[in-house]
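Now for the letters of each chain:
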Amino acid sequence: MDSQAFHGVRRLKELILSSNKITQLENTTFHTVPNLRNLDLSYNKMQVLQPAQFQGLRKLLSLHIRSNSLKTVPMRVFQDCRNLEFLDLGYNRLRSLTRNTFAGLLKLTELHLEHNQFSRINFFLFPRLTNLRSLYLQWNRIKSISQGITWTWTSLQKLDLSGNELQMLEPSIFQCLRNLQTL
């Protein structure tokens with residue numbers, strides 16, 4: 001897709017590009033549509049996100065990148081998406097995340113990471129997601145969960161770990177999740 005594809009449509013609020021055959025987006029594809037609220041890139045064939053892919057999308061509320069072939073997520077790729085509430089990265093090929101993957105997502109309430117290829121999860125990756133209420137990690141290959149440093153995750157209410165390969169849980173793993181209602 002050409003980097004100037006959306007040039008001139010600055011008032012665009014919803015862009016649905018799902019179920020196409022998009023393999024790659026230029027780094028600046030969405031820079032000319034700063035008023036986007038909803039962006040749906042699901043069910044395409046993207047393998048890579050560019051480092052500044054979502055730069056300038058400060059009004060974005062929901063981002064769907066489900067069912068692509070993503071293997072990695074660049075550090076701080078969502079940093080400008082300060083108002084993002086919903087992020088779906090499910091059904092990709094993600095194996096790991098970095099501590100800065102979700103930097104800037106202070107308003108995120110729902111995160112989908114199901115049906116990827118994670119073998120372990122460290123809750124230390126998520127402390128900046130202070131408003132996250134639902135985290136979906138089902139149907140990965142998670143064998144172990146760790147916490148890293150001690151901290152309290154007060155907002156998380158729902159955590160789905162079903163369909164994984166859990167073998168061992170640290171005794172205090174869920175103590176940081178004081179308001180967990182559904183596990």
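The numbers attached to residues start from 1 for each chain and follow its sequence in the written order. A pLDDT threshold of at least 70 governs which residues receive local features in this predicted model, and a stricter bar of 80 or more applies before side-chain atom pairs are shown or counted, although totals over entire chains, interfaces and linings include all residues. To obtain the side-chain values, all non-hydrogen atoms of the structure were used and water was disregarded.

## A few points about the packing of aromatic side chains
Each Phe, Tyr or Trp ring (for Trp, its six-membered ring) is paired with any other whose centre lies within 6.5 Å, and the angle between the two planes then decides the class: stacked below 30 degrees, edge-to-face above 60, tilted in between. With the rule as written, the count across this model stands at six aromatic pairs. Aromatic pair Phe-54 and Phe-78: ring centres 5.7 Å apart, planes at 15 degrees, arrangement stacked. Of this pair, Phe-54 sits in the loop between β2 (38–40) and β3 (62–64) while Phe-78 is found in the loop between β3 and β4 (86–88), placing the two residues 24 residues apart along the sequence. The classification of residues rests on relative accessible area computed with a 1.4 Å probe and restricted to protein chains. Under 20% of the type maximum is buried, over 50% is exposed, and intermediate values are partly exposed. The buried category is assigned to Phe-78, whose relative accessible area is 0%. In textbook terms, an aromatic cluster arises when at least three aromatic residues are bridged by ring pairs, as seen for Phe-6, Phe-30, Phe-54 and Phe-78. The way it works is that DSSP assigns letters per residue, a run of H or I at least four long becomes a helix, a run of E at least two long becomes a strand, and they are numbered from the N terminus.

## A look at the sheet that holds β3
Pairing is parallel across the open sheet formed by seven strands, whose spatial order is β1-β2-β3-β4-β5-β7-β9. At either end of the open sheet lies a strand with only one pairing partner, and these are β1 (14–16) and β9 (158–160). Direction aside, neighbouring strands of the sheet carry axes that sit 5 degrees apart on average. In the sheet, strand β5 (residues 110–112) pairs with strand β7 (residues 134–136) via three bridges, with the strands oriented parallel. By the bridge assignment, Glu-110 is partnered in β7 with Ser-134. When DSSP finds two or more bridges between two strands, those strands count as paired. Each axis is a line fitted through C-alpha atoms, and for a helix only the stretch in contact is used; angles between axes span 0 to 180 degrees, taken between their N-to-C directions.

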